[in-house]
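# Analysis of the macromolecular model
One letter stands for each residue in the lines below.
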Amino acid sequence: MNNIKISSFKAFKDDIEIALPNGKNLLLYGENGSGKSSLYMAFKIIFFKDKMLSGINTAPTPEEQEQINRDFWNSYNNRISLSDFSIKVNEIDYNSFDATNYQPFLITLENLHIDDKIKLTELLARFDLYIDNLTEFCEDNCIFIQDKVNDTLDKIDKNIRIEIDREFDYEIRILDNQRNIASTNDIRRYFNEAKINLIILLIVFSSIKQKVGSSDKKKILVLDDFITSLDAANRIILAKYVLESFSEYQLFLFTHNVSFFNLIFFLIHDYHKNEKKWVFANLYEINTKNKLYQKEARITAKKLTEEFEDIVDNDPQKIELLGNRIRQKFETMLYELSKLLLLGALDESNAIIERIGNSRALYYKKNKSIYDLIDEIDELLTPISTNKSAKIKSKISAKIQEYKVADLDNIKYIIKELTLYRKIALHPMSHAAMGLTTFTVKELEYSLDLIQKLETVLKDVVNKNVSAI
């Protein structure tokens, strides 16, 4: 998949486009409510529309059935848009797109929850997987899946094992050798949710690997917030497992967890060193509109300055349009800063500005979050004795300083100045009256200088790996 375009679909009133040249992978961050689930559903429609239709009511006549089908698809239209939704893959409408050339596997957090027992067939049926006959697949592959899961568990927790019982509808027994527990029916009584979810994910991943085999079809794996319910240690293990085990797949990883986004970014950039195979994007809800910003597509301050100079010299008529683009650049950086500093990416830009302005300090450390700081402080405090209290206090203070953003005053000043110019120079051009320009070239020039400074500060003190915020 080299390109995906979505319009008037669920959360997206306006068009969004994801460019994936040469079938690159996608790592996408999106707060809850930003449209992440809508994007996941678009993938489901692309690859599993027949399966979706098979689950709707059957009408007595073809005419009534056609109306039921039409109503079903209309339910995915954006409520504000007056148009039917559009989904295109590689410039081809999803109805005409040949999905038979692909082996798609879609996993979302919503389908991870199970009650008190796990049956392999029922578990795999929860997800959208390229597996036709689940009963036959389980019969042929349950031992392989069992062995593969246990091989991986050996690297995580040697005491935990699974057994798949062919005689009882492929029920899965979880064993804890250390605690002498073997449970099939009441697994939630004996195992916590993080452990159960880790086992479920390993079962599903092992099933996917076995299903694909040596097929020459293009392999697609879409994972939506699959990591959220795991503890920190297992998140790292499973993130590495996915990147290494599915290196031949086109991966689409969606998350609303900042720490997980940073972890995957670090593994891609510093551990595997294959960032050229990836596209990084953010979904934001800005002024009630859901928008997608793709790293490769983002406009740098340098690029805007070059366009400004060209327009001033050759095409002054376009200078009004540039004001809006500078304003968008400012808002994009605000939301990126908000995401990395955990200020709340769903806030409107004015609220983010107010938070930064009123904060006594900002906290961030590369590939970490404020929650990591809390965990590290907690470790320093346990155990603690009276004669060590002064030393502990010193260690805690030093730990906090590691996360404290040094250039807070500089960030505050730049944002304060840009906020003023956003109201004057960078105001939407629709507010211009009688054809008069509401700003001067000098004001735009100063705004560009501030944008350049903010971009530099963000790259220096927030995330040096982000080359084009």
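Please refer to the structure placed before this passage.
This text gives an overview of the structure that appears in the document. (Residues numbered from 1 in each chain as written. Predicted model: local features only at pLDDT ≥ 70, side-chain atom pairs only at ≥ 80, totals over all residues. Heavy atoms only, no water.)

## Some words on the nonpolar core
- Among the nonpolar cores identified, the biggest contains 66 residues, and I107, L120, F205, I208, F226 and L238 are the most heavily contacted of them.
- Here this core takes 11 residues from helix α6 (residues 193-212), the largest share from any one element.
- Among the nonpolar cores identified, the runner-up in size contains 40 residues, and Y76, V89, Y94 and F254 belong to it. (Core = buried A, V, L, I, M, F, W, Y, C linked by side-chain atoms within 4.5 Å. Buried < 20%, exposed > 50% of the residue type's maximum accessible area, 1.4 Å probe, protein only. Helix = DSSP H or I, 4+ residues; strand = E, 2+ residues; numbered from the N terminus.)

## A look at the pairing of strand β13 (residues 250-255)
- By the criterion of burial, β13 is predominantly enclosed, with 6 of the 6 residues buried.
- With burial as the criterion, each face of β13 is covered, one bearing Q250, F252 and F254 and the other bearing L251, L253 and T255.
- Bridge analysis of strand β3 (residues 25-30) against β13 gives 4 bridges, and the strand direction is parallel. Residue pairing for β13: L26 is matched across the bridge by F252.
- Relative to β13, strand β12 (residues 218-224) runs parallel, the two sharing 5 bridges. Paired with L221 across the bridge in β13 is L251.
- Each parallel crossover has a hand, and for β12 linked through helix α7 (residues 232-245) to β13 it is right-handed. (Pairing = 2+ DSSP bridges. Right-handed = clockwise from strand over helix to strand, strands pointing away.)

## Quick notes on the environment of L230
- Looking at the secondary structure, you find L230 in the loop between β12 and α7.
- When its relative accessible area of 4% is taken as the criterion, L230 is described as buried.

## Quick notes on the packing of helix α1 (residues 36-54) against helix α2 (residues 62-74)
- It is at 12 Å that the axes of α1 and α2 come closest, and there the two elements cross at 140°. With respect to each other, α1 and α2 are oriented oblique. Between α1 and α2 lies a crossing of right-handed hand. Where α1 abuts α2, its residues I45, K49, M52 and L53 lie against N69, F72 and W73.
- Its residues assigned to classes, the contact of α1 with α2 shows 5 nonpolar, 1 polar and 1 charged. (Axes fitted to C-alpha atoms, helices over the stretch in contact; angles between N-to-C directions. Parallel < 35°, antiparallel > 145°, perpendicular 65-115°, else oblique. Left-handed = near helix turned anticlockwise from the far one by under 90°. Contact = heavy atoms within 4.5 Å. Nonpolar A, V, L, I, M, F, W, Y, C, P; charged D, E, K, R; others polar.)

## Focus on the side chain of N77
- Secondary-structure assignment places N77 in the loop between α2 and β4 (86-89).
- Separated by 2.8 Å, the side chain of N77 and the backbone nitrogen of F85 make a polar contact.
- Residues within four places of N77 in sequence aside, it is in contact with S8, K10, S83, D84 and F85. (Polar contact = N/O pair within 3.5 Å; in protein donor to acceptor, adjacent residues only side chain to side chain.)

## Examining the sheet that holds strand β1 (residues 3-7)
- If you trace the 4 strands from one edge of the open sheet to the other, you get β2-β1-β4-β5, paired in antiparallel fashion. Each edge of the open sheet is held by one strand with a lone partner, namely β2 (16-19) and β5 (92-93).
- Pairing analysis gives 4 bridges linking β1 to β4, with the strands arranged antiparallel. Note that in β4 the partner of S7 across the bridge is S86.
- Each of β1, β2 and β4 is contacted by α1, which is oriented at about 70° to β4, the strand it contacts most.

## What to know about the packing of helix α4 (residues 134-156) against α6
- Where α4 contacts α6, the axes come no closer than 8 Å and their chain directions differ by 125°. When the interaxial angle is binned, α4 and α6 end up oblique. As for how α4 packs across α6, the hand of that crossing is right-handed. Residues F137, N141, F144, I145, K148, V149, T152, L153 and I156 of α4 form the contact with α6, whose participating residues are L198, I199, L202, I203, S206, S207, Q210 and K211.
- Looking at the contact of α4 with α6 residue by residue, the class counts come to 10 nonpolar, 5 polar and 2 charged.

## Details of a negative patch on the surface
- On the surface, E306, E309, D310 and D313 cluster together into a patch of negative charge.
- Along the chain, D310 turns up in helix α9 (residues 301-314). (Patch = residues over 30% accessible without salt bridge, like charges linked within 9 Å, V, L, I, M, F, W, Y side chains within 5 Å. Areas by Shrake-Rupley, 256 points an atom, 1.4 Å probe, with all protein chains shown as cover. Salt bridge = Lys/Arg side-chain N within 4 Å of Asp/Glu carboxyl O. Lys, Arg positive; Asp, Glu negative; His and termini not counted. Charge placed at Lys NZ, Arg CZ, Asp CG, Glu CD.)

## Concerning the environment of E445
- For E445, the location among the structural elements is in helix α15 (residues 441-461).
- With relative accessibility at 38%, the residue E445 sits in the partly exposed group.
- Taking the C-alpha atoms as reference points, E445 and T305, 140 residues apart in sequence, are found 8.1 Å from one another.

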